[in-house]
Amino acid sequence: MDIVVFIKQVPDIGEVKIDPETKTLIRQGIPSVVNPFDKNAVEEALLLREKHGGKVTVVTMGPPQAAEALKECLAVGADEVIHLSDMVFGGSDTLATSRVLAATAKKIGKYDLIICGKQATDGDTAQVGPETAELLGLPQVTNIAAIEITDGIATIKREEECGYAIIKAPLPLLVSVTKIINEPRLPSIKGRMKANRAEIPVWKADDIGVTRETVGLKASPTRVVKIFNPVRKSQGQIIQGVGSQEAVELLLEKLGEQGLV
Ligand code: FAD
């Protein structure tokens, strides 16, 4: 089975900083990591390859430093990686990103399954997987917690608000994974050494047949009207060290002071 995994490199930060002028995330000077959900996506691809054979190709679109994220995937056992890096891709919103990824899948040509993370921890829209599936005309199942494949049919356990749905879908298919699907493996020292020596292939707009008219900032319909860091509210107060009756009385007193009761 041939599997393509889309991964994104994201800033390794608890607090996202925003440039108020450009309304984009400030990425400079912040260490980057593979988006946590995408590590689960790579792990699931490796598990399926171990079961069914085939090849795992990991793809990312991002600036030159995103090559490091691909090396991490090689270190845990990906067969091939592709780095989509071109000035033409700069400023792409989720739709333009999906156009680049869909064009790449078409160029790769042969795949049975595409695996994405549920969402990226920085942009956080969860749009890229579904949009890419639409552009490729593929069936898609999001938020998956388990997948089994038999005779070209995937049986999927999908995480829902009130439990799980069991869905059957034919291959080729695009899925997005949640964190509970597996526990990503750690790279071996040998794997790391091999990955560090690897040449990372870079594909540009011309290689996948996309142009400035379809990708990048000008081809991105999203308009960011306003973006800001949420104002931190006071930390609140926990009433403790008293019995429940006294705690309720104290709470009512405090709410009364605020004019809330
Ligand atoms: P989600 O949709 O939450 O990601 C879901 C899954 O899709 C991921 O888990 C992963 O599997 C896959 N995926 C997402 N992104 C990628 C990727 N890049 N490569 C491979 N797989 C991926 N970002 C920049 O880095 N540089 C810019 O210049 C830039 N300009 C922007 C301009 C505008 C107007 C807007 C609105 C956004 C811009 N962004 C830019 C942000 C960028 O559009 C998003 O980061 C990107 O489209 C992914 O969206 P997301 O982070 O919400 O991912």
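Here, the structure is the one placed above.
Residues numbered from 1 in each chain as written. Predicted model: local features only at pLDDT ≥ 70, side-chain atom pairs only at ≥ 80, totals over all residues. Heavy atoms only, no water.

1. With respect to the pairing of strand E1 (residues 2-6)
Right, on to step 1. Most of E1 sits out of view: five of its five residues are buried.
Right, on to step 2. Neither face of E1 is left uncovered, since the one carrying Asp 2, Val 4 and Phe 6 and the one carrying Ile 3 and Val 5 both have all their residues buried.
Right, on to step 3. Bridging between E1 and strand E6 (residues 55-61) involves five bridges; their strand directions are parallel. Within E6, the position partnered with Val 4 by the bridge is Thr 57.
Right, on to step 4. In this structure, E1 lies alongside strand E8 (residues 113-117), joined through three bridges in parallel fashion. Paired with Val 5 across the bridge in E8 is Ile 115. (Buried < 20%, exposed > 50% of the residue type's maximum accessible area, 1.4 Å probe, protein only. Helix = DSSP H or I, 4+ residues; strand = E, 2+ residues; numbered from the N terminus. Pairing = 2+ DSSP bridges.)

2. Details of the nonpolar core
Right, on to step 1. By size, the foremost hydrophobic cluster in this structure holds 36 residues, and its most contacted members are Val 5, Ile 7, Val 58, Leu 113, Ile 115, Ile 147 and Val 175.
Right, on to step 2. When residues of this core are traced back to their parent elements, those giving at least two are E1, helix H1 (36-52), E6, helix H2 (67-76), E8, strand E9 (140-150), strand E10 (153-160) and strand E12 (173-177).
Right, on to step 3. Looking at this core element by element, the count peaks at seven residues for H2.
Right, on to step 4. Val 58 has contacts with Val 5, Ile 7, Val 42, Leu 70, Cys 73, Ala 78, Glu 80, Val 81 and Ile 82, leaving out every residue within four places of it along the chain.
Right, on to step 5. Counting 24 residues, the second largest nonpolar core, distinct from the first, contains Val 88, Val 100, Leu 174 and Trp 203. (Core = buried A, V, L, I, M, F, W, Y, C linked by side-chain atoms within 4.5 Å. Contact = heavy atoms within 4.5 Å.)

3. Looking at the site of the ligand
Right, on to step 1. By nearness alone, 30 residues border the ligand, and Phe 6, Lys 8, Asp 38, Ser 92 and Thr 125 come closest of all.
Right, on to step 2. Gly 91 places a main-chain nitrogen or oxygen 2.8 Å from an oxygen atom of the ligand.
Right, on to step 3. Here an oxygen atom of the ligand and a side-chain polar atom of Thr 97 are 2.9 Å apart.
Right, on to step 4. Within the complex, 84% of the 950 Å² of free accessible area of the ligand lies under protein.
Right, on to step 5. Contributions of two or more residues to the shell around the ligand are made by E6, helix H3 (94-108) and E8.
Right, on to step 6. Residues belonging to the shell around the ligand are distributed by class as follows: eleven nonpolar, 13 polar and six charged. (Near = heavy atom within 4 Å. Polar contact = N/O pair within 3.5 Å; in protein donor to acceptor, adjacent residues only side chain to side chain. Areas by Shrake-Rupley, 256 points an atom, 1.4 Å probe, with all protein chains shown as cover. Nonpolar A, V, L, I, M, F, W, Y, C, P; charged D, E, K, R; others polar.)

4. What about unusual backbone geometry?
Right, on to step 1. Leu 171 connects to Pro 172 through a cis peptide bond whose omega is -5°.
Right, on to step 2. Among the secondary structure elements, Pro 172 is positioned in the loop between strand E11 (163-170) and E12.
Right, on to step 3. Positive phi, normally seen in glycine, also occurs at Asp 124, with a value near 65°.
Right, on to step 4. Although it is not a glycine, Ala 126 adopts a positive phi angle of roughly 60°.

5. Focus: the side chain of Asp 2
Right, on to step 1. Among the structural elements, Asp 2 can be located in strand E1.
Right, on to step 2. The exposure class assigned to Asp 2 is buried, which follows from its relative accessible area of 14%.
Right, on to step 3. A polar atom in the side chain of Asp 2 sits 2.6 Å from the side chain of Lys 110.
Right, on to step 4. Residues contacting Asp 2, with those up to four places away along its chain left out, are Gly 54, Lys 55, Lys 110, Tyr 111, Asp 112 and Leu 113.

6. So, the state of the cysteines
Right, on to step 1. Counted according to the given criterion, the structure contains zero disulfides.
Right, on to step 2. We note that Cys 116 lacks a disulfide partner, and the nearest cysteine sulfur, in Cys 73, lies 13 Å from it. (Disulfide = S-S within 2.5 Å.)

7. A few points about H3
Right, on to step 1. Taking 1.5 Å per residue, 15 residues should reach 21 Å; H3 reaches 21 Å between its end C-alpha atoms and fits that length.
Right, on to step 2. When H3 is considered as a whole, its buried residues turn out to be Thr 94, Ala 96, Thr 97, Ser 98, Val 100, Leu 101, Ala 102, Ala 103, Thr 104 and Ala 105.
Right, on to step 3. Its side-chain oxygen placed 3.1 Å from the backbone nitrogen of Leu 95, Asp 93 serves as the N-cap of H3.
Right, on to step 4. Looking at the residues trailing H3, positive phi occurs at Gly 109, about 85°. (Expected span 1.5 Å × (residues − 1).)

8. Section: the pairing of E11
Right, on to step 1. Note that E10 and E11 share eight bridges and pair antiparallel. Bridging from a neighbouring strand, Glu 160 pairs with Gly 163 of E11.
Right, on to step 2. Taking the residues that link successive antiparallel strands as the turn, the E10-E11 hairpin has two residues.

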